[in-house]
Amino acid sequence: MSAAREQIISGIRKALGRGPLDETGLAPIRQRLKGHSRHIIPARVNLDAEGLVELFISKARGVSATVEAVADMAAVPQAVARYLTQENLPARLVQAPGLADMDWSLAPTIAARSGLAEEPDEVGLTPAVAGVAETGTLLLTSGPETPTTLNFVPPTHIVVLRRDQIVGAYEDAWDRLRVNTLLAGRQPRAANFITGPSRTGDIEQKIQIGVHGPLRLHIVIVEC
Amino acid sequence: MKHHPTSAKFPSNARTALADPVLQGALRNLKKGFPVKRAEVVADLPEFEALRDVARDIKDHTLNHLDAYLEIYEANVVRSGGQVHWARTAEEACETVMTICRDAGARIVTKGKSMVAEEIGLNAYLDTRGIERVETDLGEYIIQLRDEPPSHIIVPAVHVTKEQIGETFRAAHNGLDPNRDLSEAREITDEARDRLRQKFFAAEVGITGANFLVAENGSSIIVTNEGNGDLTQTLAKVHIVIASLEKLVPTMEDAMAVLRLLARSSTGQEFSVYTTVSNGPRRPADLDGPESYHVVLVDNGRTAMLGTENQEMLRCIRCAACMNHCPVYSAVGGHAYGWVYPGPMGAVLTPSLIGIENSGHLPHASTFCGQCEQVCPMKIPLTKMMRYYRNQAYASGHGSKISRIALGMWSYLATHPGLYRRVMKIVARGLRWFSGRRGSLSHVPLAGGWTEMRDLPAPEGETFMERYRRERGWGPGQ
């Protein structure tokens with residue numbers, strides 16, 4: 001225990017005019033930490049599942065992400081191939097090991113590798129934990145199956161999102177992560193809420209899309 | 001280079017700023033940008049006003065139990081495999097960061113934007129100890145190359161034009177075609193991306209700030225748009241988070257409530273592109289992420305603000321809404337304030353941190369129009385706090401002799417109602433007489449600065465009290 005720590009903690013108590021909190025004082029704090037009670041949730045997410053998907057799509061498009069829906073997982077490889085062709089991008093990608101089931105024989109032009117992203121990888125393909133309709137935000141987490149570099153290193157990021165992963169508020173998305181954490185016994189190292197491709201307003205306040213993170217964010221929604 | 005505070009020279013800094021046409025152009029841009037976008041997204045969230053109360057209460061609750069939450073936070077960081085270092089002062093914080101860098105054998109250190117790092121002078125500290133420090137936020141990178149301090153807490157290079165950035169890059173980036181096109185933001189951004197890419201991969205240590213520390217799970221949260229903060233922390237071997245004590249919130253739900261206000265208030269976005277929750281070092285089976293995770297908790301004057309008139313300033317989330325809406329900031333820009341924090345929040349925080357004796361002008365750098373308070377997502381009573389510091393400045397003998405004498409006379413007059421009414425009668429009649437038929441005055445003694453730009457409408461000759469008495473038939477005596 002460092003002297004700095006001691007002094008800061010005792011300085012805080014002195015400033016607040018009290019000693020350490022006793023059990024009675026700590027009880028409401030413990031309750032708050034365990035209770036996960038929510039504050040005001042925007043009424044805009046009071047929608048049925050259909051409405052949330054629509055809201056998610058329009059919000060994501062509003063922040064310059066592109067979105068398309070496909071019928072099932074088997075349709076994803078071709079959708080990805082179409083997207084790469086249409087954007088004039090090379091037919092090579094790195095995918096999250098968690099997407100190992102993806103059947104690339106359905107899109108034979110694509111060369112797919114599994115693993116983390118490095119320079120000069122051009123396209124990263126990942127799953128997501130949730131899509132947040134409130135602002136068209138994706139929640140992705142790190143893990144052996146989902147390296148974080150895939151979300152940030154390649155200039156193009158394609159995300160596969162199941163329709164039933166779309167929720168209303170950030171809190172709903174975090175609750176899904178909490179379930180995963182309980183199952184895994186540990187919170188993932190990184191949880192990334194991603195809302196559109198990277199941007200900056202640092203040059204004369206004009207928005208430039210594509211800085212250090214991806215220039216393109218493409219979301220493929222899988223219906224079932 | 002170390003940037004020393006020049007807050008004591010605010011009047012001359014401000015005059016220089018007002019005469020700088022490039023800066024004035026940039027500030028006009030700023031006024032047309034953020035406030036307009038903020039108004040749009042706030043109108044689009046009917047819950048915004050209610051959320052301001054929620055956010056204020058979250059921070060007040062946390063500050064009033066800060067010792068307990070810090071202990072819980074620390075225990076949870078340790079549980080996640082990270083380390084917490086406590087620093088009382090700027091010097092201690094810099095030393096701690098340097099020690100971690102040395103232990104990691106760091107030569108190159110990438111760094112995301114952090115206001116507390118500016119506050120403690122971390123940049124100069126690392127630069128003078130053999131570390132190649134690379135700022136990775138585009139705005140911070142630009143001002144690092146130009147060796148300037150930030151002029152805004154969100155867009156640090158807001159005072160620099162596209163042309164100037166092009167010249168700066170040409171001078172700094174060796175090995176590229178000297179005649180390459182850098183006339184547009186696109187080319188500039190791409191060149192910065194290429195340059196910094198190499199650094200992200202080469203850095204041994206990545207330093208980021210924190211927008212929130214979460215007690216519940218020992219996580220730190222950063223909010224960025226460029227993705228630089230994520231590359232900084234994911235690619236380096238060691239991730240250092242530097243954060244001041246008041247960044248703490250109890251739960252993720254608390255952080256999310258405040259996050260709904262942050263980007264909207266700041267850049268007028270509904271949500272920033274990247275909100276990243278970091279929790280300890282990489283897990284055993286992870287393919288990427290830092291091998292160690294350190295948090296440097298910085299006090300540097302925070303505990304001294306707790307339990308005082310200044311405690312409410314500790315709610316500040318550094319969104320910059322106050323400066324984006326401030327007529328004084330919009331006229332003089334950030335550098336005039338002379339230290340790290342400009343605008344209304346700086347006018348309160350700077351005296352709290354470096355002393356009113358070094359910043360006596362700042363609480364006066366306000367028209368008290370109150371816009372800052374109206375837009376502050378954390379409901380900080382900025383004008384009340386500036387008024388407090390004006391009193392402090394006066395009490396500590398700050399200000400010119402004439403203004404001090406005038407204030408002294410005024411306070412005597414204002415606290416003696418009988419005398420006040422008699423003097424006002426004379427003044428009102430006098431001004432009426434001097435103004436003649438025009439009904440206004442183009443010059444008033446001791447108020448030359450005011451009448452230089454406009455005329456003073458003269459009183460009608462009767463004071464308010466006299467008129468009240470005449471019309472109602474009663475009132476305070478003469």
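Residues numbered from 1 in each chain as written. Chains lettered and ligands numbered in written order. Predicted model: local features only at pLDDT ≥ 70, side-chain atom pairs only at ≥ 80, totals over all residues.

## A closer look at the overall build of chain A
Step number 1: Scanning chain A from N- to C-terminus turns up six helices and twelve strands.
Step number 2: Overall size of chain A, expressed as C-alpha extent along the three principal axes, is 70 × 45 × 40 Å.
Step number 3: A burial count over chain A gives 46% of its 224 residues as buried.
Step number 4: Considering only residue pairs separated by 6 or more positions, chain A has 74% of its internal contacts joining residues 24 or more positions apart. (Helix = DSSP H or I, 4+ residues; strand = E, 2+ residues; numbered from the N terminus. Buried ≥ 20, exposed ≤ 12 C-beta atoms within 10 Å, placed from the backbone. Contact = placed C-beta atoms within 7 Å.)

## Focus on helix 3 (residues 49-62) of chain A
Residue and element names in this part refer to chain A.
Step number 1: Spanning 14 residues, helix 3 covers 20 Å between terminal C-alpha atoms, matching the ideal 20 Å at 1.5 Å per step.
Step number 2: Where the residues of helix 3 are buried, they touch strand 1 (66-70), strand 5 (130-132), strand 8 (166-167) and strand 12 (216-222).
Step number 3: Looking one or two residues beyond helix 3, the residue adopting positive phi is Ser 64, at roughly 75 degrees. (Expected span 1.5 Å × (residues − 1).)

## With respect to the interface of chain B and chain A
Interfaces are often sized by the accessible area lost when the parts come together.
Step number 1: Listed as interface residues are 79 residues of chain B and, on the opposing side, 63 residues of chain A.
Step number 2: Of all the elements, helix 10 (residues 185-202) of chain B adds the most residues to the side of chain B that touches chain A, at eight residues.
Step number 3: Sheet topology note: the strand 9 (residues 190-194) of chain A/strand 9 (residues 274-278) of chain B ladder contains five bridges and is antiparallel. Considered in strand 9 of chain B, the bridge of A:Ile194 is made with B:Tyr274. (Pairing = 2+ DSSP bridges.)

## Re the sheet that holds strand 5 of chain A
Step number 1: Sheet architecture is open: eight strands sit in the order 8(A)-5(A)-6(A)-9(A)-9(B)-6(B)-5(B)-8(B), paired in mixed fashion. Both edges of this open sheet fall to strand 8 of chain A together with strand 8 (248-249) of chain B, since each of them pairs with a single strand only.
Step number 2: Bridging between strand 6 (residues 219-224) of chain B and strand 9 of chain B involves five bridges; their strand directions are antiparallel. Counterpart to B:Val223 in the pairing with strand 9 of chain B is B:Thr275.

## As for the nonpolar core
Side chains of nonpolar character tend, in soluble globular proteins, to be buried together.
Step number 1: Among the nonpolar cores identified, the biggest contains 190 residues, and A:Leu139, B:Val97, B:Val205, B:Ile242 and B:Val258 are the most heavily contacted of them.
Step number 2: With nine residues, helix 12 (residues 252-266) of chain B is the single largest residue contributor to this core.
Step number 3: Apart from residues lying up to four places away in sequence, B:Val97 is in contact with B:Leu122, B:Ile207, B:Ile240, B:Ile242 and B:Val296. (Core = buried A, V, L, I, M, F, W, Y, C linked by C-beta atoms within 7 Å.)

## Observations concerning the domain arrangement of chain B
All names here are of chain B.
Step number 1: Domain boundaries assigned for chain B yield domain 1 (1-40 + 320-399), domain 2 (45-304) and domain 3 (402-472).
Step number 2: Using C-alpha coordinates to define each centre, domain 1 is positioned 23 Å away from domain 2.
Step number 3: Counting from both sides, the interface comprises 26 residues of domain 1 and, opposite them, 26 residues of domain 2.
Step number 4: Of all the secondary structure elements, the ones that give two or more residues to the side of domain 1 that touches domain 2 are helix 2 (21-43), helix 14 (321-324) and helix 16 (343-354).
Step number 5: Residue contributions to the side of domain 1 that touches domain 2 peak at eight residues, all from helix 2. (Domains from an automatic or database assignment.)

## A look at the environment of B:Pro178
Step number 1: Tracing the chain through its elements places B:Pro178 in the loop between helix 9 (162-172) and helix 10.
Step number 2: Placed 51 residues apart in sequence, B:Pro178 and B:Asp127 show a C-alpha to C-alpha distance of 27 Å.

## Here we look at the sheet that holds strand 7 (residues 238-244) of chain B
All names here are of chain B.
Step number 1: What the six strands build is an open sheet, ordered 1-10-7-4-2-3; its pairing is parallel. Edge positions in the open sheet fall to strand 1 (83-87) and strand 3 (132-135), since each of these has one partner strand only. Taken over all neighbouring pairs, the strand axes of this sheet differ in orientation by 20 degrees on average, direction set aside.
Step number 2: Sheet topology places strand 4 (residues 205-208) next to strand 7; four bridges connect them, and they run parallel. For Gly 206, the partnering residue across the bridge sits in strand 7 and is His 239. (Axes fitted to C-alpha atoms, helices over the stretch in contact; angles between N-to-C directions.)

## What about the environment of A:Ala79?
All names here are of chain A.
Step number 1: By the element assignment, Ala 79 lies in helix 4 (residues 76-86).
Step number 2: The spacing of Ala 79 and Val 220 is 141 residues in sequence and 7.9 Å in space, taken between C-alpha atoms.
Step number 3: Setting aside residues no more than four positions away along its own chain, Ala 79 makes contact with Glu 68, Val 70 and Val 220.

## Quick look at helix 1 (residues 3-15) of chain A
Step number 1: End to end, helix 1 of chain A covers 18 Å across 13 residues, agreeing with the expected 18 Å (1.5 Å per residue, within 8%).
Step number 2: If you check which residues of helix 1 of chain A are buried, you get A:Ile8, A:Ile9 and A:Ile12. The buried residues of helix 1 of chain A all sit within an arc of 95 degrees when viewed along its axis, so they share a single face. In helix 1 of chain A, the exposed positions angled more than 90 degrees off the buried face are occupied by A:Ala3 and A:Glu6.
Step number 3: Buried residues along helix 1 of chain A sit in contact with helix 4 (66-79), strand 1 and helix 13 (302-305) of chain B.
Step number 4: Just past helix 1 of chain A, the residue A:Gly17 takes up positive phi, approximately 70 degrees. (Arc of directions from axis to C-beta.)

## Considering the pairing of strand 7 of chain B
All names here are of chain B.
Step number 1: The element strand 7 is largely enclosed, with a buried count of seven among its seven residues.
Step number 2: Pairing of strand 7 with strand 10 (residues 292-298) involves seven bridges; the strand directions are parallel. Across the sheet, residue His 239 finds its bridge partner in strand 10, namely Tyr 293.

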